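Take a look at the letters that make up each chain.
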Amino acid sequence: MAKVTPMMEQYNKLKNEHPDSILFFRLGDFYEMFYDDAQIASRVLGITLTSRSKSSEEKVPMAGVPYHAAESYIAKLIQKGHRVAICEQVEDPKKAKGIVDRKVVRIISPGTVMEEEMLQSHENNFFLTIATGSEKWGLAYTDISTGEVSVTEIPYENISTLSGEIGRLKPRELYASANLLENRTFKETIQNQDKILTKPFENNFTYPQARQFLLQEFSVHNLEGFELEGREAAVLAVAHLANYLLESQRRSLEFLINIRFYHLENFMTLDSHTRRNLELNQAMFNKSPRGSLAAILDKTKTAMGSRLIKKWINQPLLHLETINARLDLIQELLENDEARESIAAILNSIYDLERLIGRVCYGTANARDLSALKTSLQSLPLIEKKLANLKGKEYLLRKNVFDSLQDIFDLLNRALAPSPPITLTEGSIIKSGYSPDLDRLRNISVEGKDWIANLEKTEREKTGIKSLKIGYNKVFGYYLEVTMANQHLVPDYFVRKQTLANAERYFTPELKEKENQILNAEENINSLEYELFVDLRDKVKAESHRINSQTEILAELDTLISLAEAAREYNYCRPLLKDNKVIEIKGGRHPVVETTVENTFVPNDTFMDSIKSRYHIITGPNMSGKSTYLRQVALIVLMAQIGSFVPAEKAFIGIVDRIFTRVGATDDLTRGKSTFLVEMNEVAQIINNATPRSLILLDEVGRGTSTYDGLSIAWAVTEYINNPDRIGARTLFATHYHELTALEDRPGIQNFNVLVEKKGEEVIFLHIIAPGSSDESYGIYVAGLAGLPPEILYRAREILNSIEKDNKEIKPPPRKVPLFPDDSKDRAEKILKKIKVVDVMNISPLEAINNLYEIQQEIKKYFSKDGKNG
Amino acid sequence: MGRIKVLSPEVVDKIAAGEVIERPASVVKELVENSIDANASTIRVLFSEGGRKSIKVIDNGAGMDANDLKLSIKSHATSKINNIEDLLQLNSLGFRGEALSSIVSVSRTKIISRPHELDKGHLIFIEGGKITDFQPAGAPPGTSIEVNDLFFNTPARLKYLKDKNREASNIIWTLISLALASPAISFQAKHNDRGVLQTSGRGDILRTWGEIYGPDKCMDMLKIPGVEESYFTISGFLGKPNLALSTTRGVHLFINNRPFYSRPILNAVLEGCREYFPRGKFPQIILFIKINPVHVDVNVHPAKREVKLSEQEIITKIITEASQEVLQKEIGQYKPAVENEKNGFSLPQLLREKESPQQGKTPQAEKQKIFPEAPSQKTDFLQIGSSFIVTRSSQGLMIIDQHGAHERLNYNKLLSQLRDNPRDTSRTLLTPLTIELSPAEVELKEEIIAYLKKLNFRVENFGPNSLLLRAVPQCVNPKKDPLPLCHELLQQFVEDFGKDNLSQIEKEAIITIACHDAVKAGDSLSPEEMEHLLSALFSHPENTTCPHGRPIIKELTLKELGKFFGRQV
């Protein structure tokens, strides 16, 4: 092996500790990367790939970026999903013996980003950990820039809930056990999400180890305060999360300000399909936030409010009291124009306190950050005053009293100079009057300079050289300048410093001493200011929890005002929510679509209950507004359960626990699945998870296969879902199979159709959903709209006519067998067969475990106490 | 012969249109009045380019079926009256049946309408008065009318339109009147997609007013005690003097919920407020007169802007008394009007951008075009509050702001010095002084040295973050410490640096120097100093404002004083 320099040896050692990160190796004013890292960096960052070949024959690939511009390069790498390990020189190069000591001070990864430039101000950036307990998964996620940590547990059966949470959080990174990450089902689950960087657990904690670790790290005697006591899976998740953060951030975990346990049963369940189909956060066709529900409702004035409202939109509530408390506040804010407008104006001047405090606790806050904090705190007393008059203030202050934090403002106001610079080591940060030591040093500097300025006059008098001048020069410092003509008048105590063409420059011992005093003082000023700043920052850090509780109040206030303003601008009404199974909407509109078509959006009424009008079959041509109608019903329910006003004249909403959507035909050919298979998967998921309190949207079930197959499946699915002994959930089913309209004789099923107006050959869509079934599909007409030539349309009509003439009406076979035979014997046989065919000798342990898991699931499902679904 | 022909209906329409439809605001008024008459509870008005490009009025009113829709655009077709007797009992705003036909004859218009009780709506396109399309359409209940390319076929009319901001402003004022007249209707208006008006239509007139002018101002609106006579009632709100405007635009009059204009009624209001509002300031008022329709003649003006009341005198008298009473109760016995510039009320937020901001100039300063005559004889000077000098003038009384006056003089001197002797007008300091620089100033040290040199300050580098000040301009007061002035100049420079306007920066610097050096409000002056200042001031008649644009002299003529005290002089 060729000889390696000590520095490369150091590099290799460090690199081995961080094989999965790009190592930024500090060399003087640059961060250098070597070998593969250099190749990657060169490609991604567009920097030159050079080489280093000092003492070996091999050329070592090398690429580097300047230290002061590193952030934008790091940002690019992070954006591409890489991890970056920053390795700094930790001792003064001048004092080092041999090679300078180096250490990795931080690992930046996509899920653990603090820097403003790498973050979206209005979005969270989550790092998610999933741990496997004995019967539950533990989920712990954090956004370290705001310091929030949330934890929950999900029972193993609810894999769709797990996938739903992952879909909600859209984490940039996922940290979980190697087993879980390898699991086929799990992999499929996260495949649908946007690119997530995964990492297997480095240390595998056991429950007692995990618990002990947390007690230690957070200096507590028990985990009651975090509501984690006794929660095995949750504790494991948090412990792994904390452990990873310790390793990567290389500092104490004080930057985790808030650890909260949340119960998923408190929120409406939405899977990621539904979030996407309802366009809650992004428009479907271009993934842009414009055209989403969030874009419509988000009129917040602060970044924290913007992040909170997105959380609210993605976690609708189930608890009537809380929903009504929100609605009450929105109503009050709607009616009290003065309060709403004045509070909104004040909120405009408040910075992103969450991330500011995050940086304070992380240790990277600079003087500008503290200045922004100061400005924000200044407005708090005004808000307190306005809040005092609001009836709804009790709800806002349910967790914490309003604290105007004026003592902190005072401190910052006394300590910080106005408009401080970004750098911390060049002074001008601290106001005068805050630190007597600092003031003294500053005085020395100022007085010293004054003395020097005065020296001109005094020396002129002493020496009689009338043209004597005092001056300063970067290289030589302060000097007394005497022209050549006056050299003979120069006294002994003048020491020559510099010779010019027509003058000489001197200093005196006094001058030198003063100059040194000033230099000393100025050096000390800079370091003292730095110390004072750090001390100030620490003082603020000590109050971080206090500040954090207030930012929660402000964020909520901002969110509620935003919802009030949306209600005002778009003319929403207050929904009435009850704990029943009715949905009644008068003049309902789609909140997003109605803003894009201005005045031509046609409102529609909806009535659903669990007895006579449970399952709506909606027929009618495509492009006539069926899909929009389906979505608007779901969105109105969802908005009501967020606690927002809704786009309708009136709305009575019976609480929905889950919304399912099977909408759109996205071919998963790239993943080796056909449209039909995907569709059936989604339907299966709905069947397995829906409850009587759920709302189901089905937009075309039974496509992608032969007409008769599709129709039969759609029929059977309809009967099944409609049956209160099986599911009995409120359902809107838009379909092109108008044979299904024959099902109207079943209790609970009702037909609806989209009204059209025929004008000769032309068909005009009225966009009104009315009871009754439509007689035609108008498929050929819509094909014509799409651009098929008249020749094809004409021929198609001919064929259609002849088929319709020949075909008799499809009648469902009368039920000969009992409605739902006891098929448990069949099932048991099926399962036994499954076990029998396993090729034990040739499968991997992992596959064996997977199989066992699936069999267990089936048994649980079909052989639970009363044979019904959970 | 045979030279006289009956005009075709289209031409008749266009001529008639000229009477009613003058500008986009007229279109908006007519369409919105139609929506109100259709019992809409929500009216949205979306317009672009001041209404010249497009105007859309969308309501959720009764809507029209196919037949009604076709007829609506015909002349003299209306649902609102059937015969002349109906005119006497007029409760609706529109009645002539002309507006829509006029509008469609001079534009490209699309109307979509659907009555509530039907599922089907209809759509009609009219271009220059001719129907180009008519068919069923899906539509929400109500009517939406989109008027595009107004006056595309009458270029003469098009030329008379003002720029888009002016037209937009007119539309907004029209809407404000209509929104106030119908507090139970929710109005929303947008210009070029930007929201300009939003009322919630809860039926509360004061709240609606607050939504337009600012909810925080509502508490300064006083309720006018309702007056009820046999055939009319009067009610409304009158704003306190601190809400005063400098035009009469804030006077909103309504007869039977129709906005209208009447010189006599306006005067009646002003008369009642005269004592409480300074000259040139007008009150904000919303006044509702409900009167039996037989007493109102609306057919007076084509645009129904003016109406005639049959019992005008009685009504005006009552209005004057009512306004006076309200103010008296609130403000108490007569107090001299306070010209409170700081609480000067400004126009609704929506329109503020439209009025071009004048840098630092106030209306008062502009009004003073002539310099009051200098005192003819040697007179006494009186210094009030160590800030103002009072003296006689030929016309009466003169009050001078000492700081502003001195500032102006300094500024003029500096400017002329710089113009005439660009170099060598600095005065060397006995002892040089050190200037400590902030980090931002350190960054621009070279530029600062050059900049100060231009202003006749001489500075040198004196340390990593210090400068040595050796000389200041001649005009800087030798008795005063020049350092605060220097710091202010540096701050200004850093702030404005990079804004590309060096001459502007220099100009501001000169103003700063002039200001710093002038006597301040609060400095006591000796009679000699006052005389010196005033004679310098009066020798230049153009000196009426300080460099910041504030007035420096206020004259009270004997005539004004007389009027004040109610005396003829």
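Residues numbered from 1 in each chain as written. Chains lettered and ligands numbered in written order. Predicted model: local features only at pLDDT ≥ 70, side-chain atom pairs only at ≥ 80, totals over all residues. Heavy atoms only, no water.

A. A look at the overall build of chain A. Broken down by element type, chain A carries 29 helices and 27 strands. The principal-axis extents of the C-alpha atoms in chain A amount to approximately 130 × 75 × 65 Å. A buried classification covers 51% of the 870 residues belonging to chain A. Pairs at least 24 residues apart make up 69% of the contacts formed inside chain A by residues separated by at least 6 positions. (Helix = DSSP H or I, 4+ residues; strand = E, 2+ residues; numbered from the N terminus. Buried < 20%, exposed > 50% of the residue type's maximum accessible area, 1.4 Å probe, protein only. Contact = heavy atoms within 4.5 Å.)

B. Molecular detail of helix H16 (residues 483-496) of chain B. In a regular helix each residue adds 1.5 Å, so 14 residues correspond to 20 Å; H16 of chain B covers 20 Å between its end C-alpha atoms and thus fits that length. Within H16 of chain B the residues assigned to the buried category are Leu-483, Leu-485, Cys-486, Leu-489, Leu-490, Gln-492, Phe-493 and Asp-496 of chain B. (Expected span 1.5 Å × (residues − 1).)

C. Representation of the nonpolar core. Counting 168 residues, the largest nonpolar core has Ile-130 and Leu-373 of chain A as its most contacted members. Per-element accounting of this core gives the leading share, twelve residues, to helix H21 (residues 544-570) of chain A. Residues within four places of Ile-130 of chain A in sequence aside, it is in contact with Trp-137, Gly-138, Leu-139, Leu-162, Ile-166, Leu-174, Tyr-175, Ala-176, Ser-177, Leu-180, Phe-186 and Phe-201 of chain A. Of all hydrophobic cores here, the second largest spans 55 residues; its members include Ile-55, Met-64, Leu-206 and Phe-288 of chain B. (Core = buried A, V, L, I, M, F, W, Y, C linked by side-chain atoms within 4.5 Å.)

D. Spatial organisation of the packing of aromatic side chains. Residues and elements named next belong to chain A. Counted under the stated rule, the structure contains 28 aromatic pairs over all chains. When the centroid spacing of 6.0 Å and the interplanar angle of 75° are considered together, the rings of Tyr-141 and Tyr-262 count as edge-to-face. Residue Tyr-141 is found in strand E8 (residues 136-143), and its partner Tyr-262 is found in the loop between strand E12 (258-261) and strand E13 (269-270); the two are separated by 121 residues along the sequence. According to the relative accessible area criterion, Tyr-262 is buried, its value standing at 10%. Between Tyr-175 and Phe-201 the ring centres are 4.9 Å apart and the planes differ by 70°, which places this aromatic pair in the edge-to-face class. Residue Tyr-175 is located in strand E10 (residues 173-176), and its partner Phe-201 is located in the loop between strand E11 (197-200) and helix H7 (207-217); the two are separated by 26 residues in the primary sequence. Clustering of aromatic rings is evident, with ring pairs tying together Tyr-11, Phe-25, Phe-34 and Tyr-35. In this structure, Arg-231 packs its charged tip against the face of Phe-261, placed 3.8 Å from the ring centre. (Phe/Tyr/Trp six-rings, centres within 6.5 Å; stacked < 30°, edge-to-face > 60°. Lys NZ or Arg CZ within 6 Å of the ring centre and 35° of its normal.)

E. Just the interface of chain A and chain B, in detail. Tallying the contact residues gives 38 residues for chain A and 42 residues for chain B. Each partner contributes to the roughly 3,300 Å² buried at the junction of chain A and chain B, and carbon and sulfur atoms together form 53% of this total. If you look at where chain A meets chain B, you find seven salt bridges. Salt-bridge contacts for Arg-207 of chain B lead to Asp-337 of chain A; the nearest nitrogen and oxygen are separated by 2.9 Å. For the interface between chain A and chain B, the tally reads 15 residue pairs in polar contact (both at pLDDT 80 or more). If you list the elements that add at least two residues to the side of chain A that touches chain B, you get helix H12 (320-335), helix H13 (337-347), helix H19 (436-463), strand E14 (469-473), H21, strand E26 (749-759) and strand E27 (762-771) of chain A. When residues in the side of chain A that touches chain B are grouped by element, the largest group, eight residues, is from H19 of chain A. Partitioned by chemical class, the residues of the side of chain A that touches chain B number 16 nonpolar, six polar and 16 charged. (Buried area = accessible area lost by both parts, 1.4 Å probe. Salt bridge = Lys/Arg side-chain N within 4 Å of Asp/Glu carboxyl O. Polar contact = N/O pair within 3.5 Å; in protein donor to acceptor, adjacent residues only side chain to side chain. Nonpolar A, V, L, I, M, F, W, Y, C, P; charged D, E, K, R; others polar.)

F. Region of interest: the sheet that holds strand E25 (residues 730-734) of chain A. Residue and element names in this part refer to chain A. Strand order across the open sheet formed by seven strands is E13-E23-E24-E25-E21-E26-E27, with mixed pairing between neighbours. Taken across any chain shown, the strands that pair with only one partner, and hence form the sheet edges, are E13 and E27. Note that strand E24 (residues 695-699) and E25 share five bridges and pair parallel. Note that in E25 the partner of Ile-696 across the bridge is Thr-731. Sheet strands touched by helix H23 (residues 626-642): E13, strand E21 (615-619), strand E23 (658-662), E24, E25, E26 and E27. Its angle to E24, the strand with the most contacts, is close to 165°. (Pairing = 2+ DSSP bridges. Axes fitted to C-alpha atoms, helices over the stretch in contact; angles between N-to-C directions.)

G. Representation of a nonpolar patch on the surface within the structure. A surface patch of nonpolar side chains, amounting to about 250 Å² of accessible area, comprises Ile-859, Tyr-862 and Phe-863 of chain A. Position of Tyr-862 of chain A among the secondary structure elements: in helix H29 (residues 845-862). (Patch = residues over 30% accessible without salt bridge, like charges linked within 9 Å, V, L, I, M, F, W, Y side chains within 5 Å. Areas by Shrake-Rupley, 256 points an atom, 1.4 Å probe, with all protein chains shown as cover.)

H. Local environment of empty space enclosed by the protein. All names here are of chain A. The tally for this structure, following the rule as stated, stands at two cavities of 30 Å³ or more. Of the pockets and cavities examined, the largest cavity occupies roughly 60 Å³. In terms of lining residues, the largest cavity is bounded by Ser-160, Thr-161, Thr-269, Leu-270, Asp-271, Arg-658, Ile-659, Phe-660, Gln-685 and Asn-689. Counting residues per element, the ones that place at least two in the lining of the largest cavity are helix H4 (159-169), E13, E23 and helix H24 (675-689). The element best represented in the lining of the largest cavity is E23, accounting for three residues. (1 Å grid on protein atoms, 1.4 Å probe; cavity = no way out; pocket = protein on both sides within 12 Å on 5 of 7 lines; lining within 4 Å. Points joined across faces, edges and corners; volume = space filled by probe spheres on them.)

I. Summary view of the sheet that holds strand E4 (residues 121-127) of chain B. Residues and elements named next belong to chain B. Read from one edge of the open sheet, eight strands run E5-E4-E3-E6-E2-E1-E7-E8, paired in mixed fashion. For this open sheet the edge positions go to strand E5 (130-137) and strand E8 (194-198), each flanked by a neighbour on one side alone. For this sheet, the mean inter-axis angle between neighbouring strands, taken without regard to orientation, is 10°. One ladder, built from seven bridges, connects strand E3 (residues 108-114) with strand E6 (residues 142-148); its direction is antiparallel. Residue pairing in the sheet places Thr-109 in a bridge with Val-147 of E6.

J. Structural view of the pairing of E8 of chain B. All names here are of chain B. Relative to E8, strand E7 (residues 186-191) is paired through four bridges, and the arrangement is antiparallel. Paired with Gln-188 across the strands is Gln-198, a residue of E8. Here E7 folds back onto E8 in antiparallel fashion, the turn holding two residues, of which Asn-192 has a positive phi close to 50°.

K. Summary view of the environment of Gln-39 of chain A. All names here are of chain A. By the secondary structure assignment, Gln-39 is in helix H2 (residues 35-45). Sequence separation between Gln-39 and Glu-17 is 22 residues, and the spatial gap between their C-alpha atoms is 19 Å. The contacts of Gln-39, once residues within four sequence positions are left out, are Leu-49 and Pro-61.

L. Region of interest: the side chain of Ser-466 of chain B. Among the secondary structure elements, Ser-466 of chain B is positioned in strand E21 (residues 466-473). In this structure Ser-466 of chain B comes out as buried when scored by relative accessible area, which is 0%. There is a polar contact of 2.5 Å between the side chain of Ser-466 of chain B and the side chain of Lys-449 of chain A. In this structure, Ser-466 of chain B is in contact with Lys-449 of chain A together with Ile-435, Glu-436, Leu-437, Lys-445, Glu-460 and Asn-461 of chain B, ignoring residues within four places of it in sequence.

Purely geometric stuff here, so don't read any function into it on its own.
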